[in-house]
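Chains, contacts and geometry: an overview
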Amino acid sequence: MSIRICSRTFICKTLQSTFRQISRRNYAQRYNVIVETSSLKFPAPGFRLASQWPERIAITDQFGDYSYRNVFNGSKTLADTLTEALEEKVQERVSFLCKNDASYIMTLWACWMTGQIGVPLNPHHPDEMLEYFLLDSETSVLVTTNEYAERCQKICEKTGVRMVIFDENIRNSAIITAEENEKRKFESLPSLKAGLNPNLYSKLDALIIYTSGSTAMPKGVVLSHANLHAQVNAMIRAWEWTSKDSILHALPLHHVHGLTNALLTPLQCGARCVMLPKFEARKVWNYLLAVKIGAFRRITVFTGVPTMYVKLIEEYEKSLNTSDRVVSYVKASCSQKIRLMMCGSAPLPEPIFEKWEHITGHRLLERYGMSEMNMALSNPLHGERRPGFVGTPLPGVNVRIWDKDNVLVQGNEFGTKIVTSDNISPKDSKYVGELQTKGENVFKQYWKKPDVTAEVFTKDGWFRTGDTAQYIDGGYKILGRSSVDIIKSGGYKISALFVETILLQHPNIKDIAVVGLPDSTWGQQVAAVIVSDGSEPITVTSLKEWAKSKLPSYSIPVAVKIVPEIPRNLMGKVNKKELLAKMFPL
């Protein structure tokens, strides 16, 4: 078993915030893995690594367990069908709508074995949006399962796309049986061979991931195999993934969080991915506590979006916070058996961060990324994790904060330096501006949108994230999308995310979204859409009184709307442009 490490040494931040180098051999000994010594320099799609750990369990889903060998063989069977359907062409777009189970990864690997570009779709998207994705990506084939076949047939008839139904027998035959376990003990099984010439993958595109569309129409982010290789290996190094890990996967698979972080990364190093059909708080708790699942399926890693943690806390209060004995068991089980819990895709409110630590003993590891680059910043695996901060650059990633044609700070995994000419210590100063990033992890283009692509890159090749960031006390904070989360009022730049974090400390506020109201005098004014617990009325007057000791007067909302629920997408994000138009129409 092996994982590939991009360089001979890597930098690990210790609890004392000092750096130390660990050689490839020491890394292998410490984490009980073998480091690949191959001189191959091209990216290795996950299916090509399956031969290194063929009998390990790759996927566990609602139907059973699947070894890497069986997932590979199932993928190869589907790849033969795709080759025929596409008449042996390569780099065609293959969209797929599959369930959160082994069929998903088999379909993706089949795309890559035949040299195609995968376009993952989500069943929660309306038909019109799915049609848009198929037409915009110029999809040639749509792969789907029986569950979605009737729906997809109608969509394919409208778009002229050919449909291929994933044969359930492929998945069923890949499930490990008791007889197969016995057979593997005594028989020598054939090696795993499939795919194109390995050297070609450094030049091929791998995925088109559509953005969430929270600020504009979704754009197709083209990610190459080289991009994915850089992204996955950065996370393996930073979060110390090994073949001994097992991750609980309850995320949507059309987004980089669920696809790259929680699926491709563990599969790249021989780990197990336990996939749930959907997020259900009670089932997730069963896995976190290893209830009725067997010790061999115990997980070591969990990652989710803030909404998931809110739901998990609600389930805990309802079903688990019943006695001191159960409370102690929950905390001991999570803190001792699970090595890492992460959160991302949307800002994590500090009260949720603190509550989760109180329940489980885990300080959630927050990180920052987006479709165009996957992950760029991360709190440390070893070291202090501060709520509201997203840490420092991941291996191989360069970042900088830019404001008014000036670079204020610039950094990478080895540290950040102040570039601006002022001599104020970064510990006493707040450097705020647009976050920009550069590295092999950054995407190459938006699909068929050269003008839009050119707009998001600077002349010297840095990707403009559109997010406003702050560098302070040696770490980065994300203040929000420059277009919707930075409210400009009377000369002040107000972070809507910061205001939300403070107001969530109000005892009667369950959820909140802060937006900027157009104002002829001030430019914009702060407004809040609030979900109340119903115990006491929340008004502008009462909110101002409560917040006056916690927020500057110009940051306190001047308008409030109480709603039963704030609409969020599958990744927990709020479309603030739509919310503003709906709640505060002109």
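The sections below set out a description of the structure shown in this document. (Residues numbered from 1 in each chain as written. Predicted model: local features only at pLDDT ≥ 70, side-chain atom pairs only at ≥ 80, totals over all residues. Heavy atoms only, no water.)

**With respect to the overall build of the protein chain**
- Check the secondary structure of the protein chain and you find 18 helices and 31 strands.
- By residue count, 56% of the 586 residues in the protein chain fall in the buried class.
- Counting only contacts in the protein chain whose residues sit at least 6 apart along the sequence, the fraction spanning at least 24 positions is 67%.
- In the structure as shown, the protein chain presents an accessible area of about 25,800 Å², 50% of it carried by carbon and sulfur atoms. (Helix = DSSP H or I, 4+ residues; strand = E, 2+ residues; numbered from the N terminus. Buried < 20%, exposed > 50% of the residue type's maximum accessible area, 1.4 Å probe, protein only. Contact = heavy atoms within 4.5 Å. Areas by Shrake-Rupley, 256 points an atom, 1.4 Å probe, with all protein chains shown as cover.)

**Some thoughts on the nonpolar core**
- Among the nonpolar cores identified, the biggest contains 96 residues, and Ile-59, Trp-109, Trp-112 and Leu-263 are the most heavily contacted of them.
- With 10 residues, helix H4 (residues 102-113) is the single largest residue contributor to this core.
- Among all residues touching Trp-112, those that are not within four sequence positions of it are Pro-45, Gly-46, Phe-47, Tyr-201, Ala-206, Leu-207, His-225, Leu-228 and Leu-264.
- Within the second largest apolar cluster, 29 residues are counted, among which are Val-274, Tyr-287, Ile-313 and Trp-356. (Core = buried A, V, L, I, M, F, W, Y, C linked by side-chain atoms within 4.5 Å.)

**As for the side chain of Gln-436**
- Within the secondary structure, Gln-436 sits in strand S23 (residues 431-438).
- You can call Gln-436 buried: its relative accessible area is 0%.
- Other than its neighbours up to four places away in sequence, Gln-436 contacts Asn-398, Val-399, Arg-400, Trp-402, Thr-458, Trp-462, Phe-463, Arg-464 and Thr-465.

**Remarks on the sheet that holds strand S5 (residues 57-60)**
- The mixed open sheet is built from nine strands, whose spatial order is S6-S5-S14-S13-S15-S16-S17-S18-S19. Unpaired on one side and paired on the other, strand S6 (65-67) and strand S19 (392-393) mark the two borders of the sheet.
- As paired elements, S5 and S6 share three bridges and run antiparallel to each other. Looking at S6, one finds that Ile-57 is bridged to Ser-67.
- Sheet strands touched by helix H12 (residues 306-320): strand S15 (301-304) and strand S16 (340-343). Its angle to S15, the strand with the most contacts, is close to 110°. (Pairing = 2+ DSSP bridges. Axes fitted to C-alpha atoms, helices over the stretch in contact; angles between N-to-C directions.)

**Quick look at the pattern of salt bridges**
- If you walk through the whole model with that rule in mind, you get 24 salt bridges.
- Among the salt bridges present, the one from Asp-245 reaches Arg-339, with a minimum N-O distance of 2.9 Å. Pair noted here: Asp-245 is in the loop between helix H9 (225-239) and strand S13 (246-249) and Arg-339 is in the loop between helix H13 (324-337) and S16, with a separation of 94 residues, a long-range link.
- Overall, the relative accessible area of 31% leaves Arg-339 in the partly exposed class.
- Here Glu-315 and Arg-282 are joined by a salt bridge, their closest N and O atoms 3.5 Å apart. Taken as a pair, Glu-315 in helix H12 and Arg-282 in helix H11 (residues 281-288) lie far apart in primary sequence, 33 residues in all.
- On the basis of relative accessible area, Glu-315 is assigned to the buried category, the value being 12%. (Salt bridge = Lys/Arg side-chain N within 4 Å of Asp/Glu carboxyl O.)

**Quick look at the state of the cysteines**
- The final tally for this structure, using the stated rule, is zero disulfides.
- Cysteine Cys-111 shares no disulfide, and the gap to the nearest cysteine sulfur, in Cys-98, comes to 8.8 Å.
- The class for Cys-111 is buried, based on a relative accessible area of 0%. (Disulfide = S-S within 2.5 Å.)

**Topic: the environment of Arg-297**
- Note that Arg-297 resides in the loop between H11 and S15.
- Under the relative-accessibility criterion, Arg-297 is labelled partly exposed at 21%.
- Along the backbone, Arg-297 and Val-274 are 23 residues apart, and their C-alpha atoms lie at a distance of 8.1 Å.
- The contacts of Arg-297, once residues within four sequence positions are left out, are Thr-60, Asp-65, Arg-272 and Tyr-287.

**So, the sheet that holds strand S22 (residues 415-418)**
- Spatially, six strands are ordered S22-S21-S20-S23-S25-S26 in an open sheet, and the strand pairing comes out antiparallel. Both outer strands of the open sheet, S22 and strand S26 (475-481), are each paired with one neighbouring strand and no more. The sheet shows a mean angle of 35° between the axes of neighbouring strands, taken without regard to direction.
- Direction of pairing for strand S21 (residues 406-412) relative to S22: antiparallel, over a ladder of four bridges. The residue of S22 that forms the bridge with Gly-411 is Thr-416.

**Description of unusual backbone geometry**
- The phi dihedral of Glu-88 falls on the positive side, at around 65°, and the residue is not glycine.
- Mapping Glu-88 onto the fold places it in the loop between helix H3 (68-85) and strand S7 (93-97).
- At Ser-345, a residue that is not glycine, the phi angle is positive and equals roughly 80°.
- Looking at where Ser-345 falls in the secondary structure, it is placed in the loop between S16 and helix H14 (350-360).

**Considering the side chain of Ser-489**
- If you trace the backbone, Ser-489 turns up in strand S27 (residues 486-489).
- By relative accessible area, which is 5% here, Ser-489 ends up buried.

**Observations concerning the packing of H3 against H4**
- Between H3 and H4, the shortest axis-to-axis distance is 8 Å and the interhelical angle comes to 60°. Viewed along their axes, H3 and H4 adopt a mutual orientation that is oblique. Our pair here, H3 against H4, has a crossing hand that is right-handed. Facing H3, whose interface residues are Tyr-68, Asn-70, Val-71, Phe-72, Gly-74, Ser-75, Lys-76, Leu-78, Ala-79 and Leu-82, H4 presents Ile-105, Met-106, Thr-107, Trp-109, Ala-110, Cys-111 and Met-113.
- Here the contact of H3 with H4 is built from residues that sort into 12 nonpolar, four polar and one charged. (Parallel < 35°, antiparallel > 145°, perpendicular 65-115°, else oblique. Left-handed = near helix turned anticlockwise from the far one by under 90°. Nonpolar A, V, L, I, M, F, W, Y, C, P; charged D, E, K, R; others polar.)

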